[in-house]
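# Secondary and tertiary structure notes
The lines below spell out each chain.
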Amino acid sequence: MPATLVVGTQWGDEGKAKVIDYLSKDTDIIVRYQGGANAGHTVVVHGKKYVFHLVPSGIIYDQTVCVIGNGVVLDPTFFIEECDKLQAEGFPVYEKLLISDACHLLFPFHGLIDSARESSCTPDRKIGTTKKGIGICYADKMMRIGLRVGDLRESDFETRLQHLVDEKNRELVKLYDGEELSAKEILENVKKFYSKIQKNIINTPYYLESQLKAGKKILLEGAQGTGLDVDFGTYPYVTSSNPTTGGAFIGSGIAFHHLKSVIGITKAYTTRVGEGPFPTELHGEAGERLRTLGAEYGATTGRPRRCGWFDTEVLRHAVRINGLTSIALTKIDVLSAYDKIPVAVAYERNGKKLDCFPSQGLDQVKVIYEEFPGWKTDITGIGEFDKLPSACKDYIRALEKLIGVRIDLISTGPDRKDTIASGF
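As the structure is a computational prediction, the values presented were derived from the model and not from experiment. (Residues numbered from 1 in each chain as written. Predicted model: local features only at pLDDT ≥ 70, side-chain atom pairs only at ≥ 80, totals over all residues. Heavy atoms only, no water.)

### A closer look at the overall build of the chain
A tally of helices and strands in the chain yields 12 helices and 20 strands. For a compact globule of 424 residues, the expected C-alpha radius of gyration is about 22 Å, and the chain comes in at 22 Å, within 12% of that figure. Reported as C-alpha extents along the three principal axes, the dimensions of the chain are approximately 65 × 50 × 40 Å. Contacts in the chain between residues at least 24 apart in sequence constitute 75% of all its contacts with a sequence separation of at least 6. Total accessible area on the chain stands at roughly 18,300 Å², and carbon and sulfur atoms take up 50% of it. One way to put it: in the chain the 53 positive side-chain charges average out to a point 2 Å from where the 55 negative ones average out. (Helix = DSSP H or I, 4+ residues; strand = E, 2+ residues; numbered from the N terminus. Rg over C-alpha atoms; globule rule 2.2 N^0.38 Å. Contact = heavy atoms within 4.5 Å. Areas by Shrake-Rupley, 256 points an atom, 1.4 Å probe, with all protein chains shown as cover. Lys, Arg positive; Asp, Glu negative; His and termini not counted. Charge placed at Lys NZ, Arg CZ, Asp CG, Glu CD.)

### Quick word on empty space enclosed by the protein
Tallied over the full model, the rule gives 1 cavity of 30 Å³ or more. The volume enclosed by the largest cavity comes to roughly 50 Å³. Surrounding the largest cavity, Lys18, Val19, Tyr22, Ala328, Leu329, Thr330, Leu409, Ile410, Ser411 and Thr419 form its lining. Listing elements by their share of the lining of the largest cavity, those giving two or more residues are α1 (16–24), β15 (326–330) and β19 (407–411). When we break the lining of the largest cavity down by domain, the ones giving at least three residues each are domain 1 (3–100 + 203–263) and domain 3 (265–421). (1 Å grid on protein atoms, 1.4 Å probe; cavity = no way out; pocket = protein on both sides within 12 Å on 5 of 7 lines; lining within 4 Å. Points joined across faces, edges and corners; volume = space filled by probe spheres on them. Domains from an automatic or database assignment.)

### Notes on the domain arrangement of the chain
By domain assignment, the chain separates into domain 1 (3–100 + 203–263), domain 2 (104–197) and domain 3 (265–421). In total, domain 1 and domain 3 occlude about 3,200 Å² of area from one another, counting both sides; carbon and sulfur atoms represent 57% of this. Looking at the side of domain 1 facing domain 3, the largest losses of area belong to Gln10, Trp11 and Lys18, adding up to 24% of the total buried there. Summed over the shared surface of domain 1 and domain 3, the number is 2 salt bridges. Of the charged contacts, one joins Arg305 and Asp13 as a salt bridge, the two residues approaching to 3.4 Å between their closest N and O atoms. Put simply, domain 1 and domain 3 have 22 residue pairs in polar contact (both at pLDDT 80 or more) between them. Of all the secondary-structure elements, those providing two or more residues to the side of domain 1 that touches domain 3 are β1 (3–8), α1, β3 (41–45) and β11 (259–267). (Buried area = accessible area lost by both parts, 1.4 Å probe. Salt bridge = Lys/Arg side-chain N within 4 Å of Asp/Glu carboxyl O. Polar contact = N/O pair within 3.5 Å; in protein donor to acceptor, adjacent residues only side chain to side chain.)

### Considerations on the pattern of salt bridges
One pass over the structure, following the stated rule, counts 19 salt bridges. Of the charged contacts, one joins Arg305 and Glu296 as a salt bridge, the two residues approaching to 2.7 Å between their closest N and O atoms. A salt bridge links Arg316 to Glu313; the nearest nitrogen and oxygen atoms lie 3.2 Å apart. Residue Arg316 and its partner Glu313 are both found in helix α11 (residues 312–322); the two are separated by 3 residues, about one turn of the helix. Its relative accessible area of 4% is what places Glu313 among the buried residues. (Buried < 20%, exposed > 50% of the residue type's maximum accessible area, 1.4 Å probe, protein only.)

### Regarding the pairing of strand β10 (residues 218–221)
Covered by surrounding structure in β10 are Ile218 and Leu220 together with Leu219 and Glu221, the residues of both alternating faces. Sheet analysis places β1 next to β10, joined by 4 bridges and oriented parallel. What sits directly across from Val6, in β10, is Glu221. (Pairing = 2+ DSSP bridges.)

So, in structure tokens, the structure goes:
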């Protein structure tokens, strides 16, 4: 069976969790392939809201097995807290959640160093990190000094952890005037984590390959979005991993020939959290209005999201990088209050129209807009394309034409049922 990938096309927070939830009913296995607890995926089912961070949101379906891939950095303490909370809500997490033995472990010193580095930066050099240690943990991975979930089974784990804690304590004390951490305390917490999940540790490439051959349907989900990809995003104001299609292969171990469908998730407008260039950003009352209408606050941090108009250059870049086969359009209902809706259709720099989304100098571009009429009618919960106002349908078709990829799914509200499927 082929695998399906859901990927964010903007700067994250596009509504991936709702789309994943919608697709989960026809899925056997869901794989989270990158990122860490800095992600926040929100699902609303029958009016009840669930927020997921490390655990794939498909856990709420009875038939789905969830996998945390090798590309994720896993905070053991946070993970157990999240699992226990979901377990208390009636979801048998520990019975059907599998973890890659190659998944890197994130420790308290990662977060402390992350926070200290960000705090020591001048305002113009801040990245806007969530200070959860994600980037520091990925750095350890690339420096080949990190510890992985599978290492917990090895006899030298305690020695390796002590060495790593000693090294990080020197950095905390000498560079940031912080306090030393106790390797013993960290070890005790990790042992609690291991006691709960040791039976769930697997070799994910082998498992996923065998399940595909057995006819199982696999859905790959990442965190963040294309604009935050460490290679193809607005570097350095990016995350520390690859949320894009390439990262899905690396972070799961699934070979490329299994992937047949890549669904790009995009809001009907644009948001981003943290620092970095944002060409279509709205400021002042205009930005606050869109933020309020869309309830644009981070699911993990609660930070207010920066808001702006739809940017087709960002989307065309995402199509190019990810090989998108279709688009899921979310939060179209939020735009119902507007008389006119501007859409960014191109960039100019120094009086010259740019051919593509630039790798550098995004803060220097001038945005070229095209304006579309609004529909001024509440469309929340509409489940059929033909029942949408004409202006709304025109807006959707215009976006589809500008992007160059068909829109197969439209979300008209936060609940699972507020969805228009393909066929329109």
